Amino acid sequence: MTELLFNKTLQVQVKCKDCDDRRSFIRVSTELHLTSNPIHKKDLVVRLTDDADLYFLYNLVISEEDFQSLKVQQGLLIDFTSFPQKFIDLLDQCISEQDRENPRFLLQLSSTSSALNHSPANLNIVETNAFKHLTHLSLKLLPGSDVEVKKYLATCLATVKEEKEQLHQRLGKTEEDLSRQLNYAQQTLSEKSRELDKLRSEWTSQTTSLSSRHTQDLSAEREKALEIQTRLQQQNDQLRRELESAHQRSTQQLQTRLSELEASNRDLTEKKYKSDSTIRDLKAKVLGLEEESQRAKQQVISLRRENGTLDTECHDKERLINQLQTRVAVLEQEIKDKDQLVLRTKEVLEATQQQKNSVEETSENKQHQIGKLEATVKSLSEELIKANGIIKKLQGDLKALVGKIKVKNTVTVSQEKVLQETTEKLQREQRELQETQQKLRLREEEVSKLREQLEATVQKLDESREVLKTNENVITWLNKQLNENQLSRKQEAVGVLSTGPRSVLTLHNQTTGPKAGFYSFFCNQNQNFGLSVVIEITNVNGEPLGLDSKYFERRDDSIPLRGLLPSMHLNKGKYVCILKPPLQSVPSAYFPG
C-alpha cells in the first residue's frame, strides 16, 4: 500500500562541478510504502522529477535500518515514524521562503559531476543565519534506471489519462448544464417577448382609444362653439331689427305728436326747470353707459391676456369656452339692460312731448346711443371671431400636447429605471448610515463612561490632595509642638519616673472629621530621656488620615515606634511614638503642665 505524503513543486538551487549555480523548479514527492507480506515493513520514498523534462528522475528509498544509519551520521534526534512529517515541515519552510531575495531556508541539489546526467546527487536543506550555512538534512539520491524511468513514464501516462477522463466527464456535465441553462434562458426570453408584445398591443389600443376619445371631444366642443356663435349672431340680428323698428315707430310717433307739442308748448313753460333737470339726469346716465363700454373693452383685453396664459395647458380650453359663454350672457344682459334703458328713455320722451326742442335733442341723443350700441354689437361679433381663432389654436396645441405625451411616456419609462437604481443605492447608503450612526452612539456611550470615570478620578485626586495637605499641616504642627515641649520640660524631666506628668492636647480638624489626642510623659534613665506621645486617631468618615501604620503599632501592648513621617496612614485607635533625644527648639508653651 502506498500513501502520498507530499507532492509539490519547489525552487531548488542546483550546484554542479565547474558550473555556475542556477535555480530551477523541481517537483518533490514523498511516499510511504507499507509492506506486510512476508514481513511488516515501512519504506519512505523521496522522488525528484521535473515537469519540463520527463526523463529527469531521482529516487531515494529509506527503510527503518537505513534511517538508523542516517540518524547516527547526521545527529538526528527523531525516530523513523516522525521523520516524514519533520521532513515535510522543512520543505514547507523552503516554500514559504523561496520568493524572498535572501531566503532563510534553501533547498540545494548538488552533484560532483559537471552535469546532472545519471550521476548521484545530494539533496540538502540549508538554513542561512548570520554565522554560517547550517545544513539540517542531507539526502543522497540516485538517478533512476531505465526500468524506473519507464515505470515513472507509465505512471505519468496513466495519471494523464485519468485526468483526461475526469476532464471529459466534467466537460460533459458542464455542456449539459450550459445547454439546460440555455434552454431555460430561451424559454424565459420567449415568455418575456410574448409579455412585451402583449404590453405593446395593450399600449397601442389604449393610445388609439385615447386619441379617438380626444378627437370626439374636440369635435363636440367645436360643434358647441359653432352653435353658440350662430345663436348669438341670430340674437344680435334680431335685436338690431327690433331696435330699428322701435326707432322708426318712435320717430313716427314723435312726428305725429310734434303738432300737439307745439300747441301745448306755452303750457309747459312753467315745467322747463323740471325738464332741464331730467335732461341732466339723462346725460349722466349716458356717461355711465360710456364708462360701462370702456370697462367692457378692458375686460376683453384681460380675456385676451388670460387666453395667452392658458395656451400651455390642454384642459384649460374648456374653462376659456365657459368664460366666453359667460361673457356672451353678460353682454346679452347688458343689451337687455340697454333695451330697458331705451324704453325708459321713450317714457321720458313721452313725458316731455310738450317741449319740441328738448325732444329733438333727446331723439338725437338716443340715435347716438343706438349707434354706440351697434358699434358694441359689431365689436362683440369681432371678439367672437377672435375667440373662434383662439379655439382653433387650442386644438392645434392639443395635437402637439398629444405628441409630447407620447414622448414623455418613453422618457418616463427610462426615468423609472434610473429612479429604481437610485432608490436601491439610496437604501444601501441608508443602511450604511444606520450602521455608522449605531457605531457612533456606541462610541459616544464609551466616551461618556470614560468622562464619568475621569471626573470621579479627578474628584478623588482633589480629595486626596486636600487630605494630604491637611496631614502635612498636622505633622508640621506636631513636630513644632513636640520640639517646644521638649525644651520647656528638659530640666524638669531629670529624675521623673515613667509615670510622671502627662500633657494632653487634642487637635480637631475644622472640616471633616479627624480628631487626634496627644498624651505625653517623660522618663529619666542614664541622663537620657525620651518623649512618649500617645496619639488617638478618630476618623469620622473612616478614611485614611495620611499616616502609614508601619511607623505605629497598637496601644494594646505598649510597644513604642520610632519616627513620625508625613506619608503615614492610621486607622482608628491609640498609637505610641517615642522620640529619642536630643530634641532642640521645643518651647514649653504648647504642652501645659
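Residues numbered from 1 in each chain as written. Predicted model: local features only at pLDDT ≥ 70, side-chain atom pairs only at ≥ 80, totals over all residues. Heavy atoms only, no water.

1. Brief notes about the overall build of the chain
Item 1. Scanning the chain from N- to C-terminus turns up six helices and twelve strands.
Item 2. The proportion of buried residues among the 593 residues of the chain is 27%.
Item 3. Taking the intrachain contacts of the chain between residues at least 6 apart in sequence as the baseline, contacts between residues at least 24 apart amount to 54%. (Helix = DSSP H or I, 4+ residues; strand = E, 2+ residues; numbered from the N terminus. Buried < 20%, exposed > 50% of the residue type's maximum accessible area, 1.4 Å probe, protein only. Contact = heavy atoms within 4.5 Å.)

2. Side note on the confidence of the model for the chain
Item 1. Of the residues in the chain, 80% have a pLDDT of 70 or more, and the chain-wide mean is 76.
Item 2. The lowest-confidence element of the chain is strand β11 (residues 561-562), averaging 39 in pLDDT; the highest-confidence one is helix α2 (residues 83-97), averaging 91.
Item 3. Counted against residues more than four places away or in other chains, residues 495-540, with its pLDDT under 50, gives 121 contacts.
Item 4. For the stretch residues 542-593, pLDDT sits under 50, and the model shows 139 contacts to residues farther than four places along the chain or on other chains. (pLDDT = per-residue confidence, 0-100.)

3. Points about the sheet that holds strand β1 (residues 2-15)
Strand pairing within a sheet occurs via backbone hydrogen bonds; the two strands may be parallel or antiparallel.
Item 1. Taking strand neighbours around the barrel as the criterion, the seven strands line up as β1-β2-β3-β4-β7-β6-β5 in a closed arrangement whose pairing is mixed. The average undirected angle you get between the axes of adjacent strands in this sheet is 35°.
Item 2. The sheet contact formed by strand β2 (residues 22-35) and strand β3 (residues 41-49) spans nine bridges and is antiparallel. Residue Leu32 lies in a different strand from β3, and its bridge partner there is Leu44.
Item 3. Set on the sheet, helix α3 (residues 146-263) makes contact with β3, β4 (57-63) and β7 (133-143); between it and β4 the angle comes to about 100°. (Pairing = 2+ DSSP bridges. Axes fitted to C-alpha atoms, helices over the stretch in contact; angles between N-to-C directions.)

4. Topic: the pairing of β2
Item 1. One ladder, built from twelve bridges, connects β1 with β2; its direction is antiparallel. When the sheet's bridge partners are listed, Lys8 is paired in β2 with Val28.
Item 2. Here β1 folds back onto β2 in antiparallel fashion, the turn holding six residues, of which Asp18 has a positive phi close to 55°.
Item 3. Between β2 and β3, which pair antiparallel one after the other, the connecting turn spans five residues.

5. What to know about the packing of aromatic side chains
Item 1. Applying the stated rule across the entire model yields four aromatic pairs.
Item 2. Consider the rings of Phe56 and Tyr58, whose centres lie 5.3 Å apart with planes at 55°: the pair is tilted.
Item 3. On the basis of relative accessible area, Phe56 is assigned to the buried category, the value being 11%.
Item 4. Seen in terms of ring centroids, Phe67 and Phe83 are 5.0 Å apart; in terms of plane orientation they differ by 50°. Their pairing is tilted. Within this pair, whereas Phe67 is found in helix α1 (residues 64-74), its partner Phe83 is found in helix α2, the two being separated by 16 residues in sequence. (Phe/Tyr/Trp six-rings, centres within 6.5 Å; stacked < 30°, edge-to-face > 60°.)

6. Let's talk about the pairing of β4
Item 1. Most of β4 is tucked away, with six of its seven residues classed as buried.
Item 2. As paired strands, β3 and β4 are joined by seven bridges and run antiparallel to one another. Residue Arg47 lies in a different strand from β4, and its bridge partner there is Asn59.
Item 3. As paired strands, β4 and β7 are joined by two bridges and run antiparallel to one another. Paired with Tyr58 across the strands is Pro143, a residue of β7.

7. Details of the pattern of salt bridges
Item 1. According to the stated counting rule, one finds eight salt bridges in the structure shown.
Item 2. One salt bridge connects Arg27 with Asp51, and the closest N-O pair in it is separated by 3.1 Å. Of this pair, Arg27 sits in strand β2 while Asp51 is found in the loop between β3 and β4, placing the two residues 24 residues apart along the sequence.
Item 3. On the accessibility criterion, Asp51 (47% relative accessible area) is partly exposed. (Salt bridge = Lys/Arg side-chain N within 4 Å of Asp/Glu carboxyl O.)

8. Topic: the nonpolar core
Item 1. By size, the foremost hydrophobic cluster in this structure holds 34 residues, and its most contacted members are Leu48, Ile62, Leu91, Leu107, Leu109, Leu116 and Leu139.
Item 2. Take this core: its biggest share by element is six residues, from α2.
Item 3. Setting aside its immediate chain neighbours within four residues, Leu107 contacts Leu10, Gln11, Val12, Gln13, Val28, Leu91, Cys94, Leu123, Asn124 and Ile125. (Core = buried A, V, L, I, M, F, W, Y, C linked by side-chain atoms within 4.5 Å.)

9. With respect to α3
Item 1. For α3, which comprises 118 residues, the first-to-last C-alpha distance of 168 Å matches the rise-based estimate of 176 Å (1.5 Å per residue) to within 8%.
Item 2. The largest bend in α3 comes to about 40°, at Arg257. (Expected span 1.5 Å × (residues − 1). Bend = angle between axes of the 7 residues up to and from the residue.)

10. A word on the side chain of Ser29
Item 1. Among the structural elements, Ser29 can be located in strand β2.
Item 2. Overall, Ser29 belongs to the buried group, its relative accessible area being 8%.
Item 3. The contact partners of Ser29, leaving out residues within four places of it in the chain, are Phe6, Asn7, Val45, Val46 and Arg47.

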